[in-house]
Amino acid sequence: MSAEAIGMHMPAVITLDDLAAMNAADVNGHRYETSPEGVLSVMPPPDSEHAKIATRLMLWLAAAGWSADQILQAAGIRIPGAGLVGGRIPDLSVWRSPAPDGVWLDVADLVLVVEIVSPGSEAMDVMTKRREYAAAGIAHYWVVNRDAALTASLNRLGPDGAYEEYAKMPLAWLLQTSPADHLD
């Protein structure tokens, strides 16, 4: 199919409903997201290493008392912008109270988002989403790099509305601490 043919069928503005339909229809497991400015991103499906990292973090949080209703994998969140609303799907999200039901959740009670860097997603995870999550007011943003140590970069929202990195350590070290040491 040519680019022109695809462009004829793509809506001029992609809504969160459109994204939900695209995510549901993709048999290959890609994640479709948009920035608050309406830029479409297609993320590769996570592999088994990605799933193992997310599971380790989920078990660590659950062992510390966070309920299964507060720790979500791949749940869509609404990212407000100037006149538009984007939709991102963090690898892991942690909520102050049980997360609401829905496809695109409001960030009001969101405590933490975690992105696990996949091949090809580094710029999106480290720069773009960092800026968007900070603008949305999400208190904590962690990035797990897929280097030999699985380095976790822990960021919290600073008084200027931007993230400040306050810790960087191998994931194995992080998992030996308490989540309460890192989350308000």
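Up top is the structure.
Residues numbered from 1 in each chain as written. Predicted model: local features only at pLDDT ≥ 70, side-chain atom pairs only at ≥ 80, totals over all residues. Heavy atoms only, no water.

Side note on the pairing of strand 5 (residues 85-88)
Step number 1: Direction of pairing for strand 4 (residues 76-80) relative to strand 5: antiparallel, over a ladder of four bridges. Note that in strand 5 the partner of arginine 78 across the bridge is glycine 87.
Step number 2: Counted along the chain from strand 4 to the antiparallel partner strand 5, the turn is four residues long, and its residue glycine 83 has a positive phi close to 85°. (Pairing = 2+ DSSP bridges. Helix = DSSP H or I, 4+ residues; strand = E, 2+ residues; numbered from the N terminus.)

Description of the nonpolar core
Step number 1: The biggest cluster of nonpolar side chains holds 23 residues, and the ones touching the most others in it are Leu57, Leu61, Val114, Trp142, Val144 and Leu174.
Step number 2: Secondary-structure elements contributing two or more residues to this core are helix 3 (48-63), strand 6 (92-95), strand 8 (110-116), strand 9 (140-144), strand 10 (151-157), strand 11 (163-170) and helix 5 (171-174).
Step number 3: In terms of residue count, helix 3 provides more of this core than any other element does, five residues in total.
Step number 4: Apart from the residues within four sequence positions on either side, valine 114 is in contact with Leu57, Pro90, Asp91, Leu92, Trp142 and Val144.
Step number 5: Among the nonpolar cores identified, the runner-up in size contains 18 residues, and Leu72, Val107, Val113 and Ala136 belong to it. (Core = buried A, V, L, I, M, F, W, Y, C linked by side-chain atoms within 4.5 Å. Buried < 20%, exposed > 50% of the residue type's maximum accessible area, 1.4 Å probe, protein only. Contact = heavy atoms within 4.5 Å.)

Concerning helix 4 (residues 122-135)
Step number 1: Here helix 4 contains 14 residues, and its C-alpha end-to-end distance of 19 Å stays within 8% of the 20 Å for a straight helix at 1.5 Å per residue.
Step number 2: At lysine 129, helix 4 shows its largest bend, some 40°.
Step number 3: Among the residues making up helix 4, those that are buried are Met124, Asp125, Lys129, Glu132, Tyr133 and Ala134.
Step number 4: Two residues or fewer past helix 4, glycine 137 is found with a positive phi of approximately 85°. (Expected span 1.5 Å × (residues − 1). Bend = angle between axes of the 7 residues up to and from the residue.)

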